[in-house]
Amino acid sequence: MTTASPVSASAPASAPPATAPTDSWSYGALWRRVPRALGYLAPTFIIAIAVSALLNTFISGAVSLLVFVVGIFALSLTLLIARYLGAFEVARLRLSGEAPIAQPDWRPDPTMVWWKRWLRPLANGRYWLSLLHGAIIAPIIATVSFVVLVLWFTLIAVAIGLPIRALVGDVPWLRADVPPTAVRILGDTLPVLFALAVVLGVIALLTLPYVLRGLTWLHAAIARPFLGRFTNEQLEQQVSSLFTSRQAAVAAEGSALRRIERDIHDGPQQRLIRLQMDLAAAERRLADDPEAAAGLIQDARRQAQDALDELRNVSRGFAPPLLLDRGLFAALESLATRSSIPVTLESELGATANLPDEVARTAYFVASELIANAAKHSQASAITLSVTNADGQLTIAVSDDGVGGAAEKAGHGLAGLRDRAAGLGGTFALVSPEGGPTRVVVTVPVAGVGSASAAPEAAPAAEPGA
């Protein structure tokens, strides 16, 4: 007996947690980011000076060796080190909470010979920009931020320390060892300076989150053009990604259309032909042998019912009425119940999850095909279907305890599911070692895909098969 175990079936649709955006300048959000900003800024001066000293030493040695052939390779090695140090700085900035910096595409041409790969940094301007940032730019900015940090924390320390000293009686103009003349001269001035220092310290404390965020933002803003991608590189990657998604969507639709043609030809079409032949035979025997004609009509009725059932099965693969009427959760619950292998459904969607139609259909197709594949090929005794919606991504994971060994084959089910996910800008991951278990995880972006109220279209799933 199939089991469906929904988790929080009546819970509302999950949504990303309401956290402050990365670039939020609200006061509360800035205070929450203070530990991360300090974690970045506190060691920045030491790191920047050390990196600058290392790169300048290497570049000086490489330049001095340029009279020999080895100097060219030493210079290329210096640029390579600068690249990795730049990547380290990008990682530190990301941990500080700043918007991630998209790094250039460093992948080499696999057809290059070894010496060309070694010399490739010399002809790539991105390496030289990384060297310029690490050797010259970063130390300057780190020095500025270090001075500002020291000034701000000094003011805060004064604002905290002076009142404490006053409470314990350790105020300079009240101490016995201070000459009376000095006390008379400074007696009116020191209290004013005391109050001014406390006020400045309080202001420094209140503005500390803005200063820390401003300094991290300054480091990120300066590092972005030196360590990040050029605008044209980002546009080229977006165009390439869109082209790949379009090709994958076209391939998935082509595979789906071929599957529909095959399923209709092998099932309902054959039964309808049989139905037509039975009705013709019954028509010929109706006058001479009414009993035989009645038997043929009964067979024709059964053929019509079977053809109707097969058409429903075909249509269920791409647009089940339950999915359109009651949503994805109800459709997945029905899918789990109909499976020939027990399926445990773990879902955080809730019965009222409001997903774009195309996303809901794709999620259902993926779950349906993966469960069908497991039932046909895995020899599993149990299947787990997990669906989550978080961080703008709908994740469908299907795992079984079968024999494993599933692999993608061009034109077959798993490859078709990868194409379908890629057509919406999603991802597909398969882990199926020999002996099992098998786990497939498909993610589909929710934001910017279709509309939850758009009219549904029939979009069949890819052909099953591991």
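All values reported here derive from a predicted model rather than from experimental measurement.

Undergrad: I'd like a rundown of the pattern of salt bridges, residues and numbers included.
TA: For the structure on display, the rule yields three salt bridges. In this structure, the salt-bridge partner of Arg-33 is Glu-98, at a minimum N-O distance of 3.2 Å. Of this pair, Arg-33 sits in the loop between helix H1 (27-32) and helix H2 (34-41) while Glu-98 sits in the loop between helix H4 (69-95) and helix H5 (114-119), and the two are 65 residues apart along the sequence. Linking Arg-213 and Glu-98 is a salt bridge whose minimum nitrogen-to-oxygen distance equals 2.9 Å.

Undergrad: Describe the nonpolar core, and please don't skip the residues or the numbers.
TA: With 37 residues, the main nonpolar core has Leu-328, Leu-332, Tyr-364, Leu-385 and Leu-394 as its most contacted residues. Among the secondary structure elements, those contributing two or more residues to this core are helix H13 (328-338), strand E1 (343-347), helix H14 (357-378), strand E2 (383-390), strand E3 (393-400), helix H15 (413-423) and strand E5 (438-445). Counting residues per element, this core draws most heavily on H14, at ten residues. When neighbours within four sequence positions are excluded, Leu-332 is seen to be in contact with Leu-345, Tyr-364, Ala-367, Leu-385 and Val-387. Residues Leu-208, Leu-215, Ala-220 and Leu-227 belong to the second largest nonpolar core, which totals 18 residues.

Undergrad: For the sheet that holds E2, give the residues involved together with the corresponding values.
TA: Reading across the sheet, the five strands line up as E1-E2-E3-E5-E4 and stay open at both edges, with mixed pairing between neighbours. The sheet terminates laterally at E1 and strand E4 (427-431), the two strands that pair on one side only. Each adjacent strand pair in this sheet contributes to an overall mean axis angle of 10 degrees, direction not counted. Relative to E2, E1 runs parallel, the two sharing five bridges. In the strand pairing of E2, Ser-347 is matched with Val-387. Across the sheet, H13 lies against E1, E2 and E3, angled at about 165 degrees from E1, the strand it touches most. On top of the sheet, H14 reaches E1, E2, E3 and E5; it is set at about 10 degrees to E3, its chief contact.

Undergrad: Describe the packing of H13 against H14, naming the residues involved and giving the relevant values.
TA: Helices that pack against each other are described as a pair by the angle of their axes relative to one another and the distance between those axes. Here H13 crosses H14 at 10 degrees, and the two axes come no closer than 10 Å. It follows from the interaxial angle that H13 and H14 lie roughly parallel. Across the interface between the two elements, Leu-328, Ala-331, Leu-332, Leu-335 and Arg-338 from H13 touch Ala-360, Ala-363, Tyr-364, Ala-367, Ser-368 and Ile-371 from H14. For the contact of H13 with H14, a count of residues per class yields nine nonpolar, one polar and one charged.

Rules behind the numbers
- Residues numbered from 1 in each chain as written.
- Predicted model: local features only at pLDDT ≥ 70, side-chain atom pairs only at ≥ 80, totals over all residues.
- Heavy atoms only, no water.
- Salt bridge = Lys/Arg side-chain N within 4 Å of Asp/Glu carboxyl O.
- Helix = DSSP H or I, 4+ residues; strand = E, 2+ residues; numbered from the N terminus.
- Core = buried A, V, L, I, M, F, W, Y, C linked by side-chain atoms within 4.5 Å.
- Buried < 20%, exposed > 50% of the residue type's maximum accessible area, 1.4 Å probe, protein only.
- Contact = heavy atoms within 4.5 Å.
- Pairing = 2+ DSSP bridges.
- Axes fitted to C-alpha atoms, helices over the stretch in contact; angles between N-to-C directions.
- Parallel < 35°, antiparallel > 145°, perpendicular 65-115°, else oblique.
- Nonpolar A, V, L, I, M, F, W, Y, C, P; charged D, E, K, R; others polar.

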